[in-house]
Amino acid sequence: MSNILEQKVGILGGGQLGKMLVQAGSKLGYPLHILEKNKDFPTPQIWPHVIYGDFTQYEDVMAFGSEMDIITVEIEAVNTRALHDLVAQGKKVYPQPDILDTIKDKGLQKDFYQESGFPTSSYILVQDKAEVLELINTGKLSLPFVQKSRTDGYDGKGVTVIRTESDFESIFDVPSVIEDLVDIQTEISIIVARNPKGEIKSFPAVEMMFHPTANLVEFLISPSKISEELQIKCKRISEALVQKMGIVGLLAVELFVTNSDEVLINEVAPRPHNSGHHTIEANATSQYEQHIRAILNLPLGETEILSPAAMVNILGHPDHTGEASYDGLEECLQIPEAHIHLYGKTTTKPYRKMGHATVVARSLEDAIKRARILKDRLQVISK
Ligand code: ADP
């Protein structure tokens, strides 16, 4: 094997996750390479090693990948046909393309959980809206339920809750998963890393709080407030899933804890995740460094919590579109132990993820209190 430091690592995608990955790679001395088509995206703005191309296009991914030893992703929506062909050429692709294919399709993801015996909400797969209405009319599907488009959904887009007949107009007319509406007590995320040697390490559970209308994770706390027993249960399920999949890299596992303390897998992401931003300042190793360690088959870092933390996504104001401006920034930079990350996106749109801030403190209550102040004062508006 060639010297590990000489391995050329390429990432498909140059958004904020790509930016934080290249920063972590740079710390370890790896000049990671990026495939991205937008010059004004977060990574190309700060990073010289960018090849401009479209990660959804077969030819672009093949051309980029053939220059690399190891290929990884910061987004699932990539051309996996090219990734399969790169594996056939002897390239290392992490997450493995067959795992990406399963995860990209929420129907295949649910089938995987069910066939492998992992707990998840009951579901059926449908082709279109007509089939959903037919199932309702014949009494085979009862209200309420959740509909998720099988592909192309993200940040709550492509998810709709159908509670009454008046919601029928929002039923999607695309191949979808229909799930039971879960009685959610808490939403948890556990980020697990696995390297090719089979070493597995997970970050402590974090708890998510959702924006009431945008359906985006807006607030995240570490450690989670759920009981020790439930945390152990979540960790056990998440690590077993990683073991079963055999994934290399990170797997962010989103779980529901129900009102009856049942733990169900909602969905997973095979990459660094929004729910792990706080690990940069609040844990012994960041999720970004952990992903790089994992794909390079290096020893995984310790994951323990160094300080309680509250993370807020800095979202575009719902009424503003255009060149971004940050109102209240100077004031927020005075909040003790508030680590503000702005991604450098030039234009804002309603609810666009423009940055995040992690507030660490001696106590979780203090971190939450200061994160609330920051969230209220920092507004992303247009100029
Ligand atoms: P996305 O991939 O867009 O993030 P998710 O599957 O995570 O979509 O769903 C978004 C949110 O919708 C979840 O975080 C949760 O709050 C809610 N949700 C999803 N599935 C269910 C369900 N079966 N029951 C109740 N709420 C759900």
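Refer to the structure printed above.
Residues numbered from 1 in each chain as written. Predicted model: local features only at pLDDT ≥ 70, side-chain atom pairs only at ≥ 80, totals over all residues. Heavy atoms only, no water.

Glancing now at the sheet that holds strand β21 (residues 379–382). Judged by pairing direction, the sheet is antiparallel, and its three strands sit side by side in the order β19-β17-β21 without closing on themselves. Sheet topology places β19 (347–348) and β21 at the edges, where each strand pairs with a single neighbour. Sheet analysis places strand β17 (residues 322–327) next to β19, joined by two bridges and oriented antiparallel. Considered in β19, the bridge of E323 is made with T347. (Pairing = 2+ DSSP bridges. Helix = DSSP H or I, 4+ residues; strand = E, 2+ residues; numbered from the N terminus.)

The subject of this paragraph is the packing of aromatic side chains. As enumerated under the stated definition, the model contains one aromatic pair in all. On the numbers, 6.4 Å between centres and 75° between planes, the contact of F112 with Y113 is edge-to-face. The class for Y113 is buried, based on a relative accessible area of 0%. Looking at K39, its charged tip hangs above the ring of Y52, at a distance of 4.4 Å from the centre. One residue, R81, lies across the ring of Y58, its end atom 4.1 Å from the ring centre. (Phe/Tyr/Trp six-rings, centres within 6.5 Å; stacked < 30°, edge-to-face > 60°. Buried < 20%, exposed > 50% of the residue type's maximum accessible area, 1.4 Å probe, protein only. Lys NZ or Arg CZ within 6 Å of the ring centre and 35° of its normal.)

This brings us to the pattern of salt bridges. Under the criterion given, the structure shown has 14 salt bridges. We note a salt bridge from R377 to E331, for which the minimum N-O separation is 2.8 Å. With R377 in helix α12 (residues 364–377) and E331 in helix α11 (residues 329–332), the pair connects residues that are 46 residues apart, well separated along the chain. Residue R377 is classed as partly exposed on the basis of its relative accessible area, which comes to 43%. Accessibility expressed as a relative area gives 41% for E331, which makes it partly exposed. Residue K369 pairs with D366 through a salt bridge whose shortest N-O separation is 3.8 Å. With K369 and D366 both in helix α12 and three residues apart, the pair spans about one turn of that helix. Take K369: its relative accessible area is 54%, and that puts it in the exposed class. (Salt bridge = Lys/Arg side-chain N within 4 Å of Asp/Glu carboxyl O.)

Compared with the 20 Å implied by 1.5 Å per residue over 14 residues, the 20 Å span of α12 between its first and last C-alpha is a close match. Those residues of α12 that fall on the buried side of the exposure criterion are L364, A367, I368, R370, A371 and L374. (Expected span 1.5 Å × (residues − 1).)

Our focus in this paragraph is the sheet that holds strand β3 (residues 50–52). Pairing within the open sheet is parallel, and its five strands lie in the order β3-β2-β1-β4-β5. Two strands bound the open sheet, and with one partner strand each, they are β3 and β5 (92–93). As paired strands, strand β1 (residues 9–12) and strand β2 (residues 33–36) are joined by three bridges and run parallel to one another. Residue pairing in the sheet places L12 in a bridge with L35 of β2. Sheet contacts for helix α3 (residues 58–65): β1, β2, β3 and β4 (70–73); angle to β2, the most-contacted strand, approximately 170°. (Contact = heavy atoms within 4.5 Å. Axes fitted to C-alpha atoms, helices over the stretch in contact; angles between N-to-C directions.)

Grouped together as the largest cluster of nonpolar side chains are 23 residues, with contacts concentrated most on L241, L251, L255, I265 and V268. If you list the elements that add at least two residues to this core, you get α5 (97–104), β10 (184–194), α8 (228–245), β14 (249–258) and β15 (263–269). Looking at this core, the element that brings in the most residues is α8, giving six residues. Excluding its chain neighbours within four sequence positions, the residues that come into contact with L241 are F112, Y113, F118, L251, V253, I265 and V268. (Core = buried A, V, L, I, M, F, W, Y, C linked by side-chain atoms within 4.5 Å.)

Along the chain, H291 turns up in helix α10 (residues 287–295). A polar side-chain atom of H291 sits 2.8 Å from a polar atom in the side chain of T72. Those residues in contact with H291 that lie beyond four places of it in its chain are L21, T72, V73, G249, L250 and P272. (Polar contact = N/O pair within 3.5 Å; in protein donor to acceptor, adjacent residues only side chain to side chain.)

Relative to the assigned elements, L378 resides in the loop between α12 and β21. Owing to a relative accessible area of 7%, L378 belongs among the buried residues under this scheme. Once residues within four sequence positions are removed from consideration, L378 is found in contact with I314, Y326, D327, G328, L329 and C332.

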